[in-house]
Amino acid sequence: LRILALADSQVDDRSLAHIAQQPLDDVREHVREAIDRRLLVPTATGTRFAHALLREVLQDDLLVGERAEYHAALANLLDAGVDRVPSNRAGTLALLAHHRAGAGDMAGALQAWSMAATAAEEIFAFAEAHHHLSRIIANWHREPSARALVGADYDQVVARAAENAFMAGSADAACALAREAIELVDAVDDPRRSGVLHER
């Protein structure tokens, strides 16, 4: 139940057994018991919690090391299947970033947020892309190799976040981010880029 509480999505029995490192039959027995007690509800692809509050209580009950270990296992599971469902690639990458960050793998999280932002832009989900880029901005200075992982300079990420905020209809956030990007660019060294940011 603690693993499922962290999953943020439906996890099938085999995946749950793999993460819990328990025999599949035992895991299925535990899941059936949880369903009988109305803690879980069966779905077409796995189970979900009957009550959100129960899920929150179980998340809070996790030890720090246990939480990081489960996040890492869930991230590895997602990473292995990221390309299997192309229609939900953006959502899967966002979830992957969440679990990488929860596992303390900031490098992996930054890469996943970057890919999730690109995937969101491809389906015109600009609000989601802005959210992922904002997570990169918030955690940029926690990872020394952020530039190499994301494939862009910090000011470029800020400017891209501004564009996505604007496209999502958040003009105030877009202007604030554009102003931040302007301050990061040297108008003498890069007058063209500075001019474009001023125009935006």
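Placed above this text is the structure.
Since this is a predicted model, take the numbers as computed values, not measurements.

K.L.:
Help me understand helix H7 (residues 106-122) in this model?
P.N.:
One turn of an α-helix holds 3.6 residues; hence residues three or four places apart share an orientation. Relative to the 24 Å expected for 17 residues at 1.5 Å per residue, H7 spans 24 Å between its end C-alpha atoms, a close match to the ideal helical length. Buried within H7 we find Met106, Gly108, Ala109, Leu110, Ala112, Trp113, Ser114, Ala116, Ala117, Ala119 and Ala120. As for H7, its buried residues are in contact with helix H6 (89-102), helix H8 (126-139), helix H9 (146-150) and helix H10 (154-167). Positive phi shows up at Phe124, right after H7, with a value of about 60 degrees.

K.L.:
When you look at unusual backbone geometry in this model, what are you seeing that I'm missing?
P.N.:
For residues other than glycine, phi is negative in most cases, and the peptide bonds are mostly trans. Positive phi, close to 55 degrees, is recorded for Gln21, a residue that is not glycine. Within the secondary structure, Gln21 is located in the loop between helix H2 (13-20) and helix H3 (24-36). At Phe124, a position not held by glycine, the phi torsion is positive, near 60 degrees. Its place among the elements puts Phe124 in the loop between H7 and H8.

K.L.:
Would you mind showing me how to read the environment of Ala119 here?
P.N.:
Along the chain, Ala119 falls in helix H7. Assessed through its relative accessible area of 7%, Ala119 is described here as buried. In this structure, the C-alpha to C-alpha distance between Ala119 and Ile3, residues 116 residues apart in sequence, is 27 Å. Those residues in contact with Ala119, other than ones at most four positions away along the chain, are Ala90 and Leu93.

Scoring rules and cut-offs
- Residues numbered from 1 in each chain as written.
- Predicted model: local features only at pLDDT ≥ 70, side-chain atom pairs only at ≥ 80, totals over all residues.
- Heavy atoms only, no water.
- Helix = DSSP H or I, 4+ residues; strand = E, 2+ residues; numbered from the N terminus.
- Expected span 1.5 Å × (residues − 1).
- Buried < 20%, exposed > 50% of the residue type's maximum accessible area, 1.4 Å probe, protein only.
- Contact = heavy atoms within 4.5 Å.

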